[in-house]
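Structural features, examined
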Amino acid sequence: MTLLTVENLHVRYGATEVLRDVALTVEKGEIVTIVGPNGSGKTTLLRAIVGSVRPASGRITRAPDLVPGYVPQRLHVDPTLPITVERFLRLPGGASRATIAAALARAGVPDLGPRQLADLSGGQTQRVLLARALVAKPTLLLLDEPTAGLDQPGSAAFYRLIDEVRRETGCAVLMISHELHVVMAASDRVICLNGHVCCHGTPEHVSTAPEYRALFGTGTGGALALYRHDHDHSHGPGDPHGHGHSHSHDHGHSHGHDHKATEAAE
Amino acid sequence: MILDDFMVRATLAGIGVALAAAPLGSFVVWRRMAYFGDATAHAAILGVALSLALEMSVFPGAMAVALVMALTVSALSGRGYAMDTLLGVLAHSALAFGLVAVSFLSGIRIDLMAYLFGDILAVSQGDLAVIWGGAALVVALIGWRWSALLTATLNEELAHASGIDPRREQLVLTLALAITVAVAIKVVGALLIAALLIIPAAAARPLARTPEGMALTAAGIGAASALVGLRAAYVFDTPAGPSIVCVAALCFVATSLVAGLRRGRQA
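About the thresholds
- Residues numbered from 1 in each chain as written.
- Chains lettered and ligands numbered in written order.
- Predicted model: local features only at pLDDT ≥ 70, side-chain atom pairs only at ≥ 80, totals over all residues.
- Heavy atoms only, no water.
- Helix = DSSP H or I, 4+ residues; strand = E, 2+ residues; numbered from the N terminus.
- Buried < 20%, exposed > 50% of the residue type's maximum accessible area, 1.4 Å probe, protein only.
- Contact = heavy atoms within 4.5 Å.
- Areas by Shrake-Rupley, 256 points an atom, 1.4 Å probe, with all protein chains shown as cover.
- Salt bridge = Lys/Arg side-chain N within 4 Å of Asp/Glu carboxyl O.
- Polar contact = N/O pair within 3.5 Å; in protein donor to acceptor, adjacent residues only side chain to side chain.
- Nonpolar A, V, L, I, M, F, W, Y, C, P; charged D, E, K, R; others polar.

We now examine the overall build of chain B. Broken down by element type, chain B carries 12 helices and 0 strands. Within chain B, buried positions represent 53% of all 267 residues. Excluding contacts between residues fewer than 6 apart, the proportion of contacts in chain B whose partners are at least 24 apart in sequence is 75%. Accessible surface computed for chain B: about 11,800 Å², of which carbon and sulfur atoms make up 68%.

This is the structure we're talking about:
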């Protein structure tokens, strides 16, 4: 069943057309990942779906049972604003104590309730943001580069958490990610965006598509193979070898090549 | 009647403004709108001049011009202007135009100082009704939108995802600010309104663990400053409005020191 349909979406900032003729669908329970270079309109697309950016034209259709749960890229809390994690999770709907405790536990941070929001580390903040999204019992999680500020083990753990939540609650996930090897392993479908949809489909299909290779280089195919290799040997993400390779986040470079370079340095 | 005593009326006026300024001032601090409050307050002088020229009551005139200024600033803030420069231009030119406009009113003798620094000891029973009416309106407005305002302050996208329009919440604050400026101009004057918004809220910050706690503590500090400040003004024969602000500033120093000591002990 289709939860979300986007058709012919155009978004302009002033004279600049940020998104042109974007179309996508999200089915119930699937993980769809949006990849694309910086400035390709990924965040704008997610914001248009959330409703904070008004499209110039096009249509966004939500299924009647769509409950969105949005996790922003980061949360800046002004230090002058005192607020506990628990109070934050009660905004604005006024969820019950039990719901909030369950959401915090599900996000793996059961003890953070009484802590001040401004005092949390990056990883704790991301988990609290996920917990806040879970409070509404969403049928579609929208995540904007949820691991942008996390280190490699931290981001691997976060993606594992999202996968667990998906399996438990059956919610669909639409996320933006920079971490191509994780994307390729964890997504049902991948959408490659660069102002428009360059190519989309299964990870295997996208990683061999010429449009994708033009944007990210051929090395990402290697990264996929590499990840699968790690996976076969069942390295946990906490394992120093499992996800130890670094990412430059520079998509002009190939990740496979990066990996070899770091390994040689180690 | 007890309201016949000018000191009682002044105290009640000061407390009324402090109660409205506390929750609004908390949002001004959290959203970094301090200069925004200044610009709105300075514009109110122009409103005072216009009201006197048209021979109408000062309150609606000050409120109207303050609202126009607040809406202008609010509309421009979303468009990527250099905000501090723009606010500096708007705030001080509104004040200058107001002062020049007042000088043209040759027929009426106006004590300009009364509008720049307030004239709380001259508050009439009618003024008191306007102040408490306006303060009640501001508290009701912010109380009604409290959760939505707080969500929009934390993160605009999260607000959108929860079905809250941050621009509408900004408008609520803008309206509350204009009302507060209009009722406070008699109490502390145009130049010190921002002080009454910001200082009690800032002084309450180290003592609070929740947003509600901060607004309530700010209300307490503001009301106490009005009481103590007026008493001090009476005893030492100092100007009333600035005395209230001085007491609030001392509260800020005290709570900051307490917070500093607490942090020092933890470290």
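And the narrative resumes.
The next thing to look at is the interface of chain A and chain B. Tallying the contact residues gives 28 residues for chain A and 23 residues for chain B. The salt bridge partner of Asp78(A) is Arg32(B), with a shortest N-O separation of 2.5 Å. Remark: the boundary between chain A and chain B carries 10 residue pairs in polar contact (both at pLDDT 80 or more). Of all the secondary structure elements, the ones that give two or more residues to the side of chain A that touches chain B are α1 (42-50), β5 (68-71), α2 (85-89) and α4 (122-135) of chain A. Per-class residue counts for the side of chain A that touches chain B are 16 nonpolar, 6 polar and 6 charged.

Right, let's get into the side chain of Glu30(A). All names here are of chain A. Here Glu-30 shows up in the loop between β2 (16-27) and β3 (31-35). We classify Glu-30 as buried; its relative accessible area is 11%. A distance of 2.8 Å separates a polar atom in the side chain of Glu-30 from the backbone nitrogen of Glu-27. Non-local contacts of Glu-30, meaning those with residues more than four positions away in its chain, are made with Thr-25, Arg-166, Ala-172, Val-173, Asp-188 and Arg-189.

Note that all results are geometric; they support no functional claim without further evidence.
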